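Chain residues, written in single-letter form:
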Amino acid sequence: MLKEKLKGAVVGLLIGATLSGGVAMAVNTATWYDVVVDGIKIVLDGKQLNPTDANGNSVEPIIYNGTTYLPVRALSNAFGKAVYWDGPNYTVYLGDMNGKLEYPSQYLTENNIGAKFNKADQKKLTDNYENTYSNGLYFFGNGTAEYLVNMKYSKLKGTLYVPKGENSTLSGQMKVIADNKVIYTSPIINKTSKPVYFDINIRGYNHIKLEFENGDAWENWFNVYVGDAGFYQ
């Protein structure tokens, strides 16, 4: 059996690397470790597992100081458990969580492969019920936003809202389409509607499209916003 000894600098929190194929240990200073890769096999219910990271690349378990460390992402996939990385709080969650993460792994941005989805200015981060958001995007008329997520995320969360001062008499609704399948349709909203919170399961999908439809009245488009929206691991 081939035995290979590796030495590397572990900077920051190694568990963060775990979610993309690192090791299950945590430090918050720069430290040098001697680790051993020894062709370790993982067998679950008689079937050998081939650990991979979030991008499908093979990852190796390692041995450090007599203890074997396994990649969290690979084990979570094997057991069918969601894995969440809360970076600022240096915490990994597996399976059901007590409570929820306060922020997504990746916020929705205007940099997408769709069209007519734009960053909200500060004046539009308050809805018509005086709720405020730290960031937001908006659909300009009939708009779309598309993202290639490559099965990296489990949830799409956010709030669909009408900005304070909206005067349009139109109405519309948002759809979320995953790999050409509609997986969510919002209520129809207008200028008097309460904000709509959405929490959508997107596990296993590659392509996510947000689509808003509100008619074709060019002179009276109804701009609808999504606040603090993003993808969660």
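Reading the values: rules and limits
Residues numbered from 1 in each chain as written. Predicted model: local features only at pLDDT ≥ 70, side-chain atom pairs only at ≥ 80, totals over all residues. Heavy atoms only, no water. pLDDT = per-residue confidence, 0-100. Contact = heavy atoms within 4.5 Å. Salt bridge = Lys/Arg side-chain N within 4 Å of Asp/Glu carboxyl O. Helix = DSSP H or I, 4+ residues; strand = E, 2+ residues; numbered from the N terminus. Buried < 20%, exposed > 50% of the residue type's maximum accessible area, 1.4 Å probe, protein only.

1. Structural notes on the confidence of the model for the protein
Inference 1: Averaged over every residue, the pLDDT of the protein is 75; the share at 70 or more is 70%.
Inference 2: Within the model, pLDDT remains below 50 along residues 1-28, and this stretch shows 77 contacts once partners closer than five positions in the same chain are excluded.

2. Some details on the pattern of salt bridges
Inference 1: Going through the model one piece at a time under the given rule, you end up with three salt bridges.
Inference 2: Between Lys155 and Asp199 there is a salt bridge, with its nearest N and O atoms 3.5 Å apart. Within this pair, whereas Lys155 is found in strand E12 (residues 155-161), its partner Asp199 is found in strand E15 (residues 196-201), the two being separated by 44 residues in sequence.
Inference 3: Asp199 gets classed as partly exposed once you look at its relative accessible area, which sits at 38%.
Inference 4: Residue Lys209 pairs with Glu211 through a salt bridge whose shortest N-O separation is 3.4 Å.
Inference 5: Since its relative accessible area comes to 16%, Glu211 is described here as buried.

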